[in-house]
Amino acid sequence: LSSLTLQLSDVITWPSGTSLSALSRPFQGLRRLRVCGTMQEYGDLNKIIHLPAVCKASIQLCEPHFPLTMPFAVFVASLPQQLNPSTLTVLTINNILPPMAASHDEVEATTVRSDDLRPLLEFTRLESFTLHALGTISLDDAFLFEMAASWPALRMLTLVCLEYGPTSHKTTRRAGLT
């Protein structure tokens, strides 16, 4: 098995009392992972399955409503526990929110900050990182330099604040790293 797609809401229950190493063995050769679910569902998966060989991970966060099932920073901090920081080269995190599931103010209050993303600096072989965030992304200059130093092979960096509704107005600033 080299590629796996999981819709976490399709999984009814995880086996209880099963050791992490017993569940991890079948996934030793897994190179590509695509997961769709809430942050809490992914957190539950993360507790029982270690994926050491995954080099490309795409995580679709499908939060059904506000408030979110767990803080985004807690979700991000769990990623280096499941995925091998020296193996992962492509990481995509897409936040998908059903239309009209939250008010404009609730989405705007969901700001991704530098400290929220700091655990991702452990993934030293990243070549591509994409984040589609709910609300806003607020990264300081020092963190951008940390990203550049931690991810020397990075070729593609995509940070997107998802628009909310037809009347949303966002100010976009572009910054380049050399």
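For the structure itself, look to the data block above.
First, a word on scope: everything that follows refers to the structure included in this document. The model shown is predicted, which means the values in this text are computed figures rather than measured ones.

**Considerations on the overall build of the protein**
Part 1 of the argument: Regarding its fold elements, the protein presents six helices and eight strands.
Part 2 of the argument: Secondary structure elements of the protein, listed N to C terminal, follow the sequence β-α-β-α-β-α-β-α-β-α-β-β-α-β.
Part 3 of the argument: Classification of the 178 residues of the protein by burial places 45% in the buried group.
Part 4 of the argument: Sequence-distant contacts in the protein: of pairs separated by 6 or more residues, those separated by 24 or more amount to 85%.
Part 5 of the argument: Approximately 9,700 Å² of the protein is accessible, and the part contributed by carbon and sulfur atoms is 55%.

**Notes on the side chain of Thr87**
Part 1 of the argument: Secondary-structure assignment places Thr87 in the loop between helix H3 (72–82) and strand E4 (90–96).
Part 2 of the argument: Apart from the residues lying within four places of it in its own chain, the contact partners of Thr87 are Pro52, Ala53, Val54, Cys55 and Arg125.

**Describing the nonpolar core**
Part 1 of the argument: Grouped together as the largest cluster of nonpolar side chains are 39 residues, with contacts concentrated most on Phe72, Phe75 and Leu91.
Part 2 of the argument: Filtering out sequence-adjacent residues up to four positions away, Leu91 remains in contact with Ala57, Ile59, Leu79, Leu120, Leu126, Ser128, Phe129 and Thr130.

**Section: the pairing of strand E2 (residues 32–37)**
Part 1 of the argument: Pairing of E2 with strand E3 (residues 56–62), which is carried by six bridges, proceeds in the parallel orientation. Note that in E3 the partner of Arg32 across the bridge is Lys56.
Part 2 of the argument: Handedness of the β-α-β unit built from E2, helix H2 (residues 39–48) and E3 comes out right-handed.

What counts and what doesn't
- Residues numbered from 1 in each chain as written.
- Predicted model: local features only at pLDDT ≥ 70, side-chain atom pairs only at ≥ 80, totals over all residues.
- Heavy atoms only, no water.
- Helix = DSSP H or I, 4+ residues; strand = E, 2+ residues; numbered from the N terminus.
- Buried < 20%, exposed > 50% of the residue type's maximum accessible area, 1.4 Å probe, protein only.
- Contact = heavy atoms within 4.5 Å.
- Areas by Shrake-Rupley, 256 points an atom, 1.4 Å probe, with all protein chains shown as cover.
- Core = buried A, V, L, I, M, F, W, Y, C linked by side-chain atoms within 4.5 Å.
- Pairing = 2+ DSSP bridges.
- Right-handed = clockwise from strand over helix to strand, strands pointing away.

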